[in-house]
Each structure stands twice: as C-alpha cells, then as structure tokens.
Amino acid sequence: MNNKTLSSGNYEIPVSLSGGSGRAGIASPAPVHIKAGKTTAEITWSSGYYDYMKVDGRKYLKVNKKGNSRFDIPVKDLNKPLRVIGDTTAMTKPHEISYTIRFDTARAKRTGSGPLIIVPVLAAIVIAVIAAGLFIRKERRH
C-alpha cells in the first residue's frame with residue numbers, strides 16, 4: 001500500500017523514527033490525509049521544543065501553540081523512508097537534527113467517514129426528529 005494505491009481519505013499509519021540522539025520520539029500511529037493525490041502526515045513529537053521541520057528543503061512551522069510540537073508535512077511516497085530535519089530549542093541554542101520517518105503502510109487503517117458521509121447522516125437525523133415532532137403534535141390534537 002502506498003499513497004498511489006490508497007484512495008482519498010483519512011488513515012492512521014504506524015510510524016517509526018530513527019536518527020538524532022534517540023531521545024526524541026513521534027506519536028504512532030500518525031494521522032495521514034490523502035486528498036486529490038496529495039498526502040499529508042500529522043507528525044507529533046514527544047517534546048514541545050521543536051519549532052520547525054524541514055522536508056525536501058522546505059520549512060514547516062508547528063501548527064499548535066501548546067503541548068507537544070505537531071507538524072503537517074507532505075509525504076511523496078509512504079513506502080519510502082522520509083528524511084526530515086527537526087529544529088529543537090531544548091538545548092542552549094537551537095539545533096537542526098536529521099531524522100528518518102518510516103510509515104508501516106501494511107498496517108494502515110482507514111479512519112473517519114469524511115464530510116461526504118456525515119452530511120447525509122446529519123440530514124437524515126434532522127428529518128427524523130422533525131417528522132417525530134410533527135407526528136407527536138398531530139397525536140396530541142386528536
């Protein structure tokens with residue numbers, strides 16, 4: 001399975017991290033989103049001291065203000081090791097550290113139903129509630 005064979009949607013894919021000092025980690029499984037042929041992984045570090053990541057030479061800033069640092073990064077091929085650089089501010093001065101992220105696509109699990117399924121379900125619930133209300137109202141009149 002790779003992002004060329006996975007259909008558009010949301011997945012949770014186990015990930016592993018190598019490189020650096022071995023003290024940092026990332027949350028696994030990682031949420032992965034595929035839309036219009038583009039794949040984005042949500043990478044959450046075991047520390048709040050990462051301020052940016054570099055992927056293919058491009059810098060990505062963390063997307064959260066509190067807690068462990070989280071980044072939304074592009075992934076070209078889920079079957080290939082992804083080489084990244086994480087900048088940590090945990091030391092006396094910031095350091096860029098090289099890491100490799102691997103996605104265990106054999107254990108990818110589709111998550112959520114996406115907005116296209118949720119909207120019709122919510123519409124059906126609203127219609128059922130309105131119909132029940134009208135039925136109860138009609139019964140009270142008799």
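Each remark here, short or long, concerns the structure printed above.
Cut-offs applied
Residues numbered from 1 in each chain as written. Predicted model: local features only at pLDDT ≥ 70, side-chain atom pairs only at ≥ 80, totals over all residues. Heavy atoms only, no water. Phe/Tyr/Trp six-rings, centres within 6.5 Å; stacked < 30°, edge-to-face > 60°. Buried < 20%, exposed > 50% of the residue type's maximum accessible area, 1.4 Å probe, protein only. Helix = DSSP H or I, 4+ residues; strand = E, 2+ residues; numbered from the N terminus. Salt bridge = Lys/Arg side-chain N within 4 Å of Asp/Glu carboxyl O. Pairing = 2+ DSSP bridges. Polar contact = N/O pair within 3.5 Å; in protein donor to acceptor, adjacent residues only side chain to side chain. Contact = heavy atoms within 4.5 Å. Core = buried A, V, L, I, M, F, W, Y, C linked by side-chain atoms within 4.5 Å.

A. Broad picture of the packing of aromatic side chains. Throughout the structure, instances matching the rule amount to three aromatic pairs. Each ring, one from W45 and one from Y50, has its centre 4.1 Å from the other, and the planes form 15°; the classification is stacked. On the accessibility criterion, W45 (1% relative accessible area) is buried. Centroid distance Y50 to Y99: 6.4 Å. Interplanar angle 65°. Geometry classified as edge-to-face. Here Y50, found in strand β5 (residues 50–55), pairs with Y99, found in strand β9 (residues 95–103); they are 49 residues apart in sequence, far enough to count as distant. Here the two residues Y50 and Y99 agree in accessibility, since each one is buried. Grouped by ring-pair contacts, the aromatic residues W45, Y50 and Y99 constitute a single cluster.

B. How the structure looks around the pattern of salt bridges. One pass over the full model with this rule turns up five salt bridges. Note that D56 and K76 form a salt bridge whose closest N and O atoms lie 3.5 Å from each other. One end of the pair, D56, is in the loop between β5 and β6 (58–61); the other, K76, is in the loop between β7 (70–74) and β8 (82–88), and 20 residues separate them in sequence. For the pair shown, D56 and K76 are each scored as exposed. One connected set of salt bridges, linked through shared partners, spans E42, R70 and D72.

C. Region of interest: the pairing of strand β3 (residues 30–35). Of the two faces of β3, the one lined by A30, V32 and I34 is fully buried and the one lined by P31, H33 and K35 carries no buried residue. Inspection of the sheet shows strand β1 (residues 9–13) paired to β3 by five bridges, in the antiparallel sense. Considered in β3, the bridge of E12 is made with P31. Relative to strand β4 (residues 38–44), β3 runs antiparallel, the two sharing four bridges. Each residue of the ladder has a partner; that of I34, found in β4, is T39.

D. Fine view of the side chain of E42. Note that E42 resides in strand β4. On the basis of relative accessibility, which here comes to 18%, the residue E42 falls in the buried class. One polar contact links E42 to H33, side chain to side chain, over a distance of 2.6 Å. Ignoring any residue separated from it by four or fewer positions in sequence, one finds E42 in contact with A30, P31, H33, R70, F71 and D72.

E. Quick look at the nonpolar core. I43, I73, I101 and F103 are the most contacted members of the largest nonpolar core, which totals 26 residues. Broken down by element, the residue count for this core peaks at four residues, all from β9. Once you skip the residues sitting within four places of it in the chain, I101 turns out to touch V15, S16, L17, I26, I43, M53, I73, K80, P81, L82 and V84.

F. Spotlight on the pairing of β1. Every second residue of β1 is oriented toward a common face, the buried set being G9, Y11 and I13 and the non-buried set N10 and E12. When β1 meets strand β10 (residues 109–111), the two strands line up antiparallel, connected through three bridges. Counterpart to E12 in the pairing with β10 is K109.

G. Structural view of unusual backbone geometry. At the junction of S28 and P29, the peptide bond is cis and its omega measures out at 5° in the coordinates. You can see P29 is positioned in the loop between β2 (15–19) and β3. Residue A36 is not a glycine yet carries a positive backbone phi of 55°. Relative to the assigned elements, A36 resides in the loop between β3 and β4.

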